Amino acid sequence: MGPPPLVVGETTRAGATRPGLGPDDVLLDVKLSVPEPRRGLVSRAALADAARDGGTAAVGVTAPAGYGKSTLLVEWAHRDPRRVGWISLDRYDDDPSTLLLLLASAFERAMPEQAGLAAALRGLDAAAFGRGAAHVGSAFRQAPAPFILLLDDLHELRSPACHDVLDVVLSSIPPGSQVVTASRHDQPHLPRLRAAGDAVELTAPDLALDATAAEHIFTTADVGITPARALDVTERTEGWPVGLHLAALIARDGGDTAWGVTGDDRYVADYLHREVYRRLDPSIQRFLRRTAVLDRLHGPLCDAVLEDPEAQGRLRTLDASNAFLVPLDRRREWYRHHSLFREFLLGELLRDEPGLIEQLQVRAADWFQSHGAPAVAVEYLLATDERDRCARLVADLALTTYGEGRVSTLQRWIRALGDAAIEAYPPLAVLAGWVAASVGHTADAQRWAAVADEATFDPTPTHGGAAFASSRSLLRAMMCAAGPAQMMADAEFAASLEPPWSPWRATALCVLGEAHLVAGEPAPAVSVLEDATAVGLAAGDTVPVVLSESGLALIDMDGGRWDEAAEHVARALSIVDRHALEEYAISLLPFAAAARLAVHQGDLVEADRQVTRAMRARTAATFVLPCLATRGRLELAKVCWTRGDHASARHLLGEIDGLLRLRPELGMLVEEASKFRAMTTPATATAIPRAAPLTPAELRLLPHLQTHLRIGDIAQRLHVSRNTVASEVSAIYRKLGVRSRGEAVQQATLLGLLGG
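Bear in mind that the values here come from a model prediction, so they are computed numbers and not experimental data.

**Q** Tell me about the overall build of the protein, and name the residues and values.
**A** The number of helices and strands found in the protein is 39 helices and 8 strands. Per-residue burial over the protein gives 57% buried out of 756 residues. For the protein, the proportion of contacts with a sequence separation of at least 24, taken over those separated by at least 6, is 68%. Counting every atom, the protein has about 30500 Å² of accessible surface; 52% of that belongs to carbon and sulfur.

**Q** Tell me about the pairing of strand β1 (residues 58-62), and please be specific about residues and values.
**A** In terms of burial, β1 is largely enclosed, as 5 of its 5 residues are buried. Across the two faces of β1 the burial is the same, with Ala58, Gly60 and Thr62 and Val59 and Val61 all buried. Across 5 bridges, the pairing between β1 and strand β4 (residues 178-183) is parallel. Paired with valine 61 across the strands is alanine 182, a residue of β4.

**Q** Which residues make up helix α30 (residues 562-578), and what values go with them?
**A** Taking 1.5 Å per residue, 17 residues should reach 24 Å; α30 reaches 24 Å between its end C-alpha atoms and fits that length. Within the sequence span of α30, burial applies to Trp562, Ala565, His568, Val569, Ala572, Leu573, Ile575 and Val576. One side of α30 holds all its buried residues, which, seen down the axis, span an arc of 155°. With respect to the buried face of α30, the exposed residues turned more than 90 degrees away are Asp563, Glu567 and Arg578. Next to the buried residues of α30 lie α29 (542-558), α31 (588-601) and α32 (604-617). Directly after α30, the chain includes alanine 580, whose backbone phi takes a positive value near 55°.

**Q** Pulling in residues and values, what's your account of the sheet that holds strand β3 (residues 147-152)?
**A** Within the open sheet, the 5 strands sit side by side as β2-β3-β4-β1-β5. Their pairing is parallel. Only two strands of the sheet have a single neighbouring strand rather than two, namely β2 (83-88) and β5 (199-203). Shown here is a sheet whose adjacent strand axes are inclined to one another by a mean of 15°, direction ignored. When β1 meets β5, the two strands line up parallel, connected through 5 bridges. Residue pairing across strands places alanine 58 opposite alanine 199, the latter belonging to β5.

**Q** Let's hear about helix α11 (residues 227-237): which residues, and what values?
**A** When α11 is considered as a whole, its buried residues turn out to be Ala230, Val233, Thr234 and Thr237. The arc that holds the buried residues of α11, viewed along the axis, is 105°, so those residues lie on one side. In α11, those exposed residues whose orientation departs by more than 90 degrees from the buried face are Ala228 and Glu235. At the exit of α11 stands glutamate 238, carrying a positive phi of roughly 55°.

**Q** Summarise the nonpolar core; cite the residues concerned and give the values.
**A** Membership of the largest hydrophobic core comes to 171 residues, with the highest contact counts inside it found for Val61, Leu150, Leu294, Leu417, Leu428 and Met557. In contact with methionine 557, other than residues within four places in its own chain, are Trp562, Ala565, Val569, Ala593, Arg596 and Leu597. One finds Ala133, Val136, Val165 and Leu166 within the second-largest nonpolar core, a separate group that totals 41 residues.

**Q** Explain the packing of aromatic side chains to me, and be specific about the residues and the numbers.
**A** A complete count under the given rule lists 10 aromatic pairs for this structure. Here the aromatic rings of phenylalanine 140 and phenylalanine 147 are separated by 5.4 Å at their centres, their planes lie at 65°, and the arrangement is edge-to-face. Across the pair, phenylalanine 147 and phenylalanine 140 agree in class, each one buried. An angle of 85° between the planes, with centres 5.6 Å apart, marks the rings of tyrosine 277 and phenylalanine 344 as edge-to-face. Taken together, the residues span a long stretch of sequence, with tyrosine 277 in the loop between α13 (265-276) and α14 (282-291) and phenylalanine 344 in helix α17 (residues 339-352) at a distance of 67 residues. Note on tyrosine 277: relative accessible area 2%, which makes it buried. Residue phenylalanine 344 is classed as buried on the basis of its relative accessible area of 8%. Members of the aromatic cluster, connected to one another through ring pairs, are Phe107, Phe140 and Phe147.

**Q** Can you tell me about the sheet that holds strand β8 (residues 334-337), naming the residues and giving the values?
**A** Ordered in space as β6-β8-β7, the 3 strands form an open sheet in which the pairing is antiparallel. Both edges of this open sheet fall to β6 (297-298) and β7 (325-327), since each of them pairs with a single strand only. The pairing of β6 with β8 spans 2 bridges and is antiparallel. By the bridge assignment, histidine 298 is partnered in β8 with tryptophan 334.

**Q** Which residues make up the packing of α32 against helix α33 (residues 626-642), and what values do they have?
**A** Running from N to C, α32 and α33 cross one another at 145°; their axes reach a closest spacing of 11 Å. As for how α32 packs across α33, the hand of that crossing is left-handed. Two secondary-structure elements touch here, α32 through Val611, Ala614 and Met615 and α33 through Leu636, Val639 and Cys640.

**Q** Kindly report on the confidence of the model for the protein, identifying the contributing residues and their values.
**A** Of the residues in the protein, 89% reach a pLDDT of 70 or more, and the chain-wide mean stands at 84. Confidence drops under pLDDT 50 across residues 1-23; counting only partners more than four residues distant or on other chains, this segment forms 74 contacts. Counting interchain partners and residues more than four positions distant, the pLDDT-below-50 stretch residues 683-688 has 4 contacts.

**Q** So what's going on with the packing of helix α2 (residues 45-53) against helix α3 (residues 69-79)? Residues and values would help.
**A** It is at 9 Å that the axes of α2 and α3 come closest, and there the two elements cross at 65°. As far as their axial angle goes, α3 and α2 are roughly perpendicular. Crossing of α2 against α3: the hand is right-handed. On α3, the residues that touch Ala45, Leu47, Ala48, Asp49, Ala51 and Arg52 of α2 are Leu72, Glu75, Trp76 and Arg79.

**Q** Any chance you could break down the pattern of salt bridges for me, citing the residues and the numbers?
**A** Taken as a whole, this structure holds 42 salt bridges when the rule is applied. A salt bridge links glutamate 606 to arginine 609; its shortest N-O distance comes to 3.1 Å. In this pair, glutamate 606 and arginine 609 are both assigned in helix α32, 3 residues apart and thus about one turn of the helix distant. Since its relative accessible area comes to 23%, glutamate 606 is described here as partly exposed. On the basis of relative accessibility, which here comes to 42%, the residue arginine 609 falls in the partly exposed class. The residue arginine 643 makes a salt bridge to aspartate 608 at a minimum N-O spacing of 2.9 Å. Here the residue arginine 643 occupies a position in the loop between α33 and α34 (646-662), and aspartate 608 occupies one in helix α32, the gap between them amounting to 35 residues. Its relative accessible area of 33% is what places aspartate 608 among the partly exposed residues. In the salt-bridge network here, residues are joined through shared partners; they are Lys31, Asp90, Asp93 and Arg296.

Calculation notes
Residues numbered from 1 in each chain as written. Predicted model: local features only at pLDDT ≥ 70, side-chain atom pairs only at ≥ 80, totals over all residues. Heavy atoms only, no water. Helix = DSSP H or I, 4+ residues; strand = E, 2+ residues; numbered from the N terminus. Buried < 20%, exposed > 50% of the residue type's maximum accessible area, 1.4 Å probe, protein only. Contact = heavy atoms within 4.5 Å. Areas by Shrake-Rupley, 256 points an atom, 1.4 Å probe, with all protein chains shown as cover. Pairing = 2+ DSSP bridges. Expected span 1.5 Å × (residues − 1). Arc of directions from axis to C-beta. Axes fitted to C-alpha atoms, helices over the stretch in contact; angles between N-to-C directions. Core = buried A, V, L, I, M, F, W, Y, C linked by side-chain atoms within 4.5 Å. Phe/Tyr/Trp six-rings, centres within 6.5 Å; stacked < 30°, edge-to-face > 60°. Left-handed = near helix turned anticlockwise from the far one by under 90°. pLDDT = per-residue confidence, 0-100. Parallel < 35°, antiparallel > 145°, perpendicular 65-115°, else oblique. Salt bridge = Lys/Arg side-chain N within 4 Å of Asp/Glu carboxyl O.

Now the structure itself:
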């Protein structure tokens, strides 16, 4: 999300302030609080009432800047008798997991009975589309009262994944409730709803003002105007609200010579320069011009960026003079420039002081980093040439960002930095490879692992590892491309160098424990995995604890110690559920172990539920995590065979064969897979035939069937051919025994392949 205000307090719809909140809470409150109506604006109540009475699930307000979209939404929010949720979007929200959290948080405000919805989604990223969207949609359908949810500035969401999430959620609006979205650009969800008769659309012609509104605007600006002149200026501006407001200002300051206003942006810029900007004191001009690099304005922030100790006073003065400054909180400590005015100011800055732009952005990054908002600092640094510093900061944030479930943001940073910057800072190449491997992006994982292998780097990274050589060895061991012996050597090397305080220590021990298991040494594996659990719990590092506890559970099951195994499984599952890790690769092992435990306990319903969860999680477990991917599938295949699902067991064996073709040297895992294959070769005649399970590729496609995207659009989302998508859709229908998208989604939800 956007830059966090460093103030304490909370603004609600009623304008009250609650003390004791931290920076992130205040920022979230600003985004979720309905702004106060501004004085003198033309009422849009008739439009809002008509759209509300239309009874459609969605209302889309789409028009260029300055057409009063936000004004309409604010007035609507204050007039609507239903429960109200509000979200002010910005460019930092262009992430599916962030969008889901905002939707859930806004819904919680409207529906206090749904408290806990947002908390249940925290840490969700890979599962945001397949699980989170359905989870939020389910909450919407069960709303205890009618509600209206208003999303302002939807154009800030450019990611197709965000619009896919929104499409799913919008399909869950219950009768009597509505979602209203305002955007400068076309809204992807509207065509489908329009065709179904379930959307009201308001566009520029609907929002354009008439001569009566023009008279109101001029009267509010203390400018006399005749009906004929009001009609003339309305025609000249084509009813553009901001154009009319500018026309009133021009008429007030320029008299009869200033009535020739048009809606041309160039004219507006000329006017702003001639009639507003150049009349200001040079120090105020400089202040406005230089603060245009900032998404949000705050006195201390402006002090640091402009090196101007009078910044807060200047902000208040400009606010009082209506200088296109929009307050963001009741205390008037945070502001933003009017978007059109900011664009004008950026043009002035580029023309007058182009060499200063990067320096201002770097100062902004300095301020945010020093005030506990390093992620915002990254956003500013990405616009500069400070690639090395940005790479180091991203490396510092990588593990935390990944642990918070914001993998999409982390991947965006990595892409924006570019290969050259990452290659210049090898520790980040290791992290990029680690993240790519963890989410199943095999090509990126191999590429960054190769970069790390060829790199040299002596300094100790700032993100906590003992040395670059250690983290590189850990990545190499995890990928096990050179066989068990090299895996053991790399894991031992990494574990020996990682100090107790290192965030990599628990992970290094997990990989070392797996190396012992692959080598057929369960006794030392137990000791190392127990240490991994202890270190991970002490450090709050949850990912390795999931792996270590799952490994210990399987070892105890093999030894017949089922009570001990149950404790390990419970600990691993609690972490997965608490941090919403269901569809990450690391969840394959605990789900498979839980299914095996449930079969032993005779709880076949629970066994099938955990099998379904494991089948979903396996899509991210690829050959770049060969030990995890192979062991998880083997355990899962054993459970499927025991349950009589021989088709799924054989399918999983086929996937294991594919893994072993790419990673043939996996020690004991090869032997275990061979033994199980030999045991299952003579199929039992009494086995009940079942359809083969969905493949990883089909599972990746499945969530898109919830949307109304066409086959070609889905192909673009997944970066595959249209024919591939068509074939996979047909396979999904066949395996689920359905004939349509709707039936496929319904059946997949019943089977636990979609939804919560």
